[in-house]
Amino acid sequence: MQWRVDAGGQTLALATSGGIPEVIYWGAALPASEDLSQLADAARHDLTGGMLDALPALSLSPEPGRAFPGQPGHLLAEADGAPMSPAFVFERAEEAAGRLALVSSADGITLTHHIAAHPTGVFTLQTVLTASRPIRVAWLAAPVLPALQTGDIIDLHGKWTGEFHLIRTRWSPGIRLREARTGRSGHEHPPYLILADDGCTNTRGTALALQYAWSGGHRMVAEELPDGRRQIQFGAPVGAETAPGTHFATAELIAAGSTTGLNGIAAAFQHDLRDRVVQWPDPARPRPVHYNCWEAVYFRHTLPELADIATRAAALGAERFVLDDGWFGRRDDDTTSLGDWTVDRRKWPDGLHPLIRHIRDLGMTFGLWVEPEMVNPDSDLFRAHPDWMLGPRDQITGRGQMVLDLANPMVRDTLFAQVSAILREYPVDYMKWDHNRLLPIVDTAQTHGIYDLLARLRAAHPGVEIESCASGGGRIDAGILAHTHRVWLSDSNDALERLRMQHDAALFLPAAITGSHVGPRHCHTSGRILPMSFRAWVAAQRHMGFEMDLRELTGDEAATLKKVTAWWKTNRDWTMSGTIHRLDAADPAVTAEMQIARDGGRFVLFAGQAETSRQILPRPLRLTGLDPAARYAVALINPEDVPRQSRGPNALKSGSLTLGGQALMTLGLLLPVAWPGTMWVMEGVRL
Ligand code: DGJ
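Residues numbered from 1 in each chain as written. Predicted model: local features only at pLDDT ≥ 70, side-chain atom pairs only at ≥ 80, totals over all residues. Heavy atoms only, no water.

Trainee: Would you explain the overall build of the chain in this entry?
Mentor: Each helix and strand in the chain was counted, giving 14 helices and 35 strands. On C-alpha atoms alone, the chain measures out to a radius of gyration of 26 Å, which is about the 26 Å that the 2.2 N^0.38 rule sets for 687 residues. A principal-axis box enclosing the C-alpha atoms of the chain has dimensions of 80 × 70 × 40 Å. Burial statistics for the chain: of 687 residues in total, 59% are counted as buried. Considering only intrachain contacts with a sequence separation of at least 6, the fraction spanning at least 24 residues in the chain is 70%. Carbon and sulfur atoms provide 54% of the accessible area of the chain, an area that totals close to 25200 Å². Counting 65 positive and 77 negative side-chain charges, the chain places the centres of these two groups 6 Å from one another. (Helix = DSSP H or I, 4+ residues; strand = E, 2+ residues; numbered from the N terminus. Rg over C-alpha atoms; globule rule 2.2 N^0.38 Å. Buried < 20%, exposed > 50% of the residue type's maximum accessible area, 1.4 Å probe, protein only. Contact = heavy atoms within 4.5 Å. Areas by Shrake-Rupley, 256 points an atom, 1.4 Å probe, with all protein chains shown as cover. Lys, Arg positive; Asp, Glu negative; His and termini not counted. Charge placed at Lys NZ, Arg CZ, Asp CG, Glu CD.)

Given below as structure tokens:
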């Protein structure tokens, strides 16, 4: 028996000959006329010496009991710990438009593999296990997929203030294993993977990609078997299912495929996260320009100072003022008060009302920082409920804090009541929801707990947007994004770092959900000093905001920031709903992207000069994603950033160019020479 599911230019074909079905094809869309039984025949391997007399299937869940020569897709035991290896038999398929469920069972255990095609161009895949008696699950993979036989593995690595580094590994026999065991998707091993074929660049070639929609850590196995077959597995970390049960489900694995380079993957994931995964309170609401006070005042909250800063923020174009950490309990530093979510009357004798009134009088809305999952040992909550924390009593703290056990319904109810009380008392339209420590244990129940709490809060306060922050980008995944609306990509507001980070994160994240702030002149996490123009344009590449003491701005800096902010607001309707395409810059010193409107009618090109180029003059920058037959007017909108040393007749310095899409994509554009820390911004309009 065979089946196929199609989504966004990719086809997934599956077959069974009696056992758990296996994927026989994952790649570029097949014609409707493709004969699936021939495809299944074509997928049959030969045998040779030293092998068993039949090839154990690389099925949707390779079975440990069937001599599979690699990592199994599940590891199960009876409730008493006795290992079991059911020999699954295929039972039935349930088919509906764009959906397929394949059911296999043995010994009272049923495995259902769900596959769904989405209009955003991705597949989602999920494994559900049900048992007739409580059993233990040590490992359960989402539906297992075959990998390309050529090319590289690209996965991600990161750290605090250095998120989203792409790591490229050649395939070789054996395993590439990434396991995030810190209880959150994490800076270290975020749950993303790209299988890039040989020669695949941003704009050309073949790639397949996956992301695991789960915030509690994950395990990824990319394995080349001794016989040469390759498999990809994603699931929760080993041992994260801590209790026996009769129902287990993996998170959804989101799959994208492209024959138009990495940008095809990026386009599918950007659209899917923004248009399917994120549940916007009001999809039509333009993304408001943020002001966040963290790097301006840290814990030092005073009404006159913050009111003054708010006035300046509004004058520069901010539309939402976010009061960060320091407003509750007795929170004068990060050692105390998490858990005590009532306003600190020493700092705010009349509550937050006077500040909020001022902010709203200025025409801005109000956002508030919270970190409800955490508790400081020095807090009233901890003193009252020392047994509410997660993990052992003698655990190592992180940032001086512990984690509340969100599997405990009393904890969730208390947090729901605390946060709801704030949202009822104050007109808050946004919460920056932080999560600043690694968890002491890994347990899926904790992740289900936070999803449940966020879902309840969203249902009770449907107008509130939420940002997922975890010391910057420590919890960025499609699981948390089903409950939140923005991510704080990094605690680095260094525009050079951000340029690279945003570029790599764009393989997965759309501009509309990626927070990016203009930081202080003297960067607080790198010590660098970068020009305001560069800082502002880098923030304008994503969901823009400011995060600095605005009293430090010179007149020129304020004028530049105001101008760039005005540009961002004028264009956000189409940039935030468009697609980011990464360019293949011939010069490694240049990091460039285009944001193309949904209807293809206009684009903006950002070319960031991150360092000094080796050659004397800029190399032409080839555009992408245009209609080769259309004509475009292209203009550099910040010629004032041209440095003193630029003294030639470069056309873009003095006017616009009108060129065909083919010429722009083949020949490219020649930009003026630039100092490191310059962002060229070009607008293009289809004529
Ligand atoms: C970590 C976040 O990433 C920062 O932006 C800030 O909100 C601090 N926490 C506050 O404690």
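Trainee: I tried to follow empty space enclosed by the protein on my own but got confused; where do I start?
Mentor: Remark: the empty space left among the atoms is shown by a probe the size of a water molecule rolled over them. A complete count under the given rule lists 5 cavities of 30 Å³ or more for this structure. By volume, the largest cavity amounts to about 120 Å³. No other element matches the 3 residues that strand E32 (residues 602–609) contributes to the lining of the largest cavity. Looking at the lining of the largest cavity, its residues break down into 11 nonpolar, 2 polar and 2 charged. The wall of the second largest cavity is formed by Gly 183, Ser 215, Glu 373, His 435, Leu 439, Gln 446, Thr 447, Ile 450 and Arg 475. Partitioned by chemical class, the residues of the lining of the second largest cavity number 2 nonpolar, 5 polar and 2 charged. (1 Å grid on protein atoms, 1.4 Å probe; cavity = no way out; pocket = protein on both sides within 12 Å on 5 of 7 lines; lining within 4 Å. Points joined across faces, edges and corners; volume = space filled by probe spheres on them. Nonpolar A, V, L, I, M, F, W, Y, C, P; charged D, E, K, R; others polar.)

Trainee: I'm lost on the pattern of salt bridges in this one. Help?
Mentor: Oppositely charged side chains may form a pair once their charged atoms are brought near each other. For the structure on display, the rule yields 51 salt bridges. With a shortest N-O distance of 2.7 Å, Arg 521 and Glu 557 are connected by a salt bridge. Residue Arg 521 is located in the loop between strand E28 (514–518) and helix H11 (532–539), and its partner Glu 557 is located in helix H12 (residues 555–575); the two are separated by 36 residues in the primary sequence. A salt bridge links Arg 551 to Asp 549; the nearest nitrogen and oxygen atoms lie 2.8 Å apart. One salt-bridge network, held together by shared partners, links Arg 285, Arg 287, Arg 320, Asp 429 and Glu 465. (Salt bridge = Lys/Arg side-chain N within 4 Å of Asp/Glu carboxyl O.)

Trainee: What's the story with the site of the ligand in this structure? I'm lost.
Mentor: The environment of the ligand is formed by 13 residues, the closest being Asp 324, Asp 325, Lys 432, Asp 434 and Asp 491. The side chain of Arg 399 places a nitrogen or oxygen atom 2.8 Å from an oxygen atom of the ligand. Gly 472 places a main-chain nitrogen or oxygen 3.0 Å from an oxygen atom of the ligand. Across the complex, the protein chains shield 98% of the 300 Å² of accessible surface that the ligand would expose by itself. In terms of residue class, the shell around the ligand is made up of 4 nonpolar, 3 polar and 6 charged. (Near = heavy atom within 4 Å. Polar contact = N/O pair within 3.5 Å; in protein donor to acceptor, adjacent residues only side chain to side chain.)

Trainee: I tried to follow the packing of aromatic side chains on my own but got confused; where do I start?
Mentor: All told, the structure shown has 18 aromatic pairs when counted by the stated rule. Ring centres of Trp 537 and Phe 606 lie 6.5 Å apart, and the angle between their planes is 55 degrees; on these two criteria the pair is classed as tilted. Here the residue Trp 537 occupies a position in helix H11, and Phe 606 occupies one in strand E32, the gap between them amounting to 69 residues. In this structure, Trp 537 and Phe 606 share a single accessibility class: buried. Cation over ring: Arg 219 sits above Trp 139, and NZ or CZ is 4.9 Å from the ring centre. (Phe/Tyr/Trp six-rings, centres within 6.5 Å; stacked < 30°, edge-to-face > 60°. Lys NZ or Arg CZ within 6 Å of the ring centre and 35° of its normal.)

Trainee: I would appreciate a short explanation of the packing of H11 against H12 in the present structure.
Mentor: To characterise two packed helices, one gives the angle between the axes of the helices and the distance between these axes. It is the contact of H11 with H12, at a shortest axis distance of 9 Å, that shows an interaxial angle of 20 degrees. In terms of axis orientation, H11 runs roughly parallel to H12. Crossing of H11 over H12 shows right-handed handedness. On H12, the residues that touch Met 532, Ser 533, Arg 535, Ala 536 and Trp 537 of H11 are Glu 557, Thr 560, Leu 561, Val 564 and Trp 567. Split by residue class, the contact of H11 with H12 holds 6 nonpolar, 2 polar and 2 charged. (Axes fitted to C-alpha atoms, helices over the stretch in contact; angles between N-to-C directions. Parallel < 35°, antiparallel > 145°, perpendicular 65-115°, else oblique. Left-handed = near helix turned anticlockwise from the far one by under 90°.)

Trainee: I would appreciate a short explanation of the sheet that holds strand E10 (residues 145–146) in the present structure.
Mentor: Each strand in a sheet pairs with another by means of backbone hydrogen bonds, the pair being arranged parallel or else antiparallel. Strand order in the open sheet formed by 4 strands is E10-E17-E16-E13, with antiparallel pairing between adjacent strands. Two strands in the sheet have a free side with no partner beyond their single neighbour: E10 and strand E13 (174–179). In this sheet, strand E16 (residues 219–224) lies alongside E13 in antiparallel orientation, the contact comprising 6 bridges. Paired with Gly 174 across the bridge in E16 is Glu 224. (Pairing = 2+ DSSP bridges.)

Trainee: What should I look at first to understand the side chain of Glu 557 in this one?
Mentor: Since its relative accessible area comes to 12%, Glu 557 is described here as buried. A polar side-chain atom of Glu 557 sits 2.7 Å from a polar atom in the side chain of Arg 521. In terms of polar contacts, Glu 557 uses its side chain to reach the backbone amide nitrogen of Thr 554, at 2.9 Å.

Trainee: Is there a simple way to explain the pairing of strand E22 (residues 365–370) in this structure?
Mentor: Side-chain direction in a regular strand flips from residue to residue, so the side chains alternate between the two faces of the sheet. Burial runs high along E22: 5 of the 6 residues are buried. Read as a crossover between parallel neighbours, the route from strand E21 (residues 320–323) over helix H5 (residues 353–361) to E22 is right-handed. Sheet topology note: the E22/strand E25 (residues 428–433) ladder contains 5 bridges and is parallel. Bridging from a neighbouring strand, Gly 367 pairs with Tyr 430 of E25. (Right-handed = clockwise from strand over helix to strand, strands pointing away.)

Trainee: Help me understand the nonpolar core in this model?
Mentor: Soluble globular proteins tend to bury their nonpolar side chains together. Counting 169 residues, the largest nonpolar core has Trp 327 and Leu 509 as the members making the most contacts within it. Ignoring sequence-local partners within four residues, the contact set of Trp 327 consists of His 301, Trp 341, Thr 342, Val 343, Asp 344, Trp 348, Leu 352, Leu 368, Trp 369, Val 370 and Ile 422. In terms of nonpolar packing, the next biggest core, distinct from the first, is built from 22 residues, Leu 623, Leu 626, Val 634 and Met 682 among them. (Core = buried A, V, L, I, M, F, W, Y, C linked by side-chain atoms within 4.5 Å.)

Trainee: Looking at this model, I keep getting lost on the layout of surface pockets. Mind explaining?
Mentor: Reported here for the largest pocket is a volume of approximately 870 Å³. Looking at the lining of the largest pocket, the elements that each hand over two or more residues are strand E3 (22–28) and helix H1 (36–42). Grouping the constituent residues of the lining of the largest pocket by class yields 18 nonpolar, 6 polar and 5 charged. What the second largest pocket holds in volume is close to 440 Å³. Only strand E9 (123–140), strand E18 (245–249), helix H2 (262–277), helix H8 (444–460) and helix H9 (478–481) provide two or more residues apiece to the lining of the second largest pocket. Looking at side-chain class alone, the lining of the second largest pocket contains 18 nonpolar, 8 polar and 3 charged residues.

Trainee: Is there a simple way to explain unusual backbone geometry in this structure?
Mentor: Trans is the prevailing form of peptide bonds, just as negative phi is the prevailing case for residues other than glycine. If you check the backbone angles, Ala 67 has positive phi at about 60 degrees while not being a glycine. Position of Ala 67 among the secondary structure elements: in the loop between H1 and strand E4 (74–78). Of the residues examined, Ala 67 reaches a relative accessible area of 44% and is grouped as partly exposed.

Trainee: Sorry, what's going on with the sheet that holds strand E26 (residues 465–468) here?
Mentor: Taken in spatial order, the 8 strands line up as E20-E21-E22-E25-E26-E27-E28-E29 and close into a barrel, and their pairing is parallel. Put simply, the sheet's adjacent strands are angled 30 degrees from each other on average, direction ignored. Packed on one face of the sheet, helix H4 (residues 303–316) meets strand E20 (290–292), E21 and strand E29 (543–546) and runs near 150 degrees to E21. Packing of H5 onto the sheet brings it into contact with E21 and E22, and relative to E22 it is tilted by some 140 degrees.

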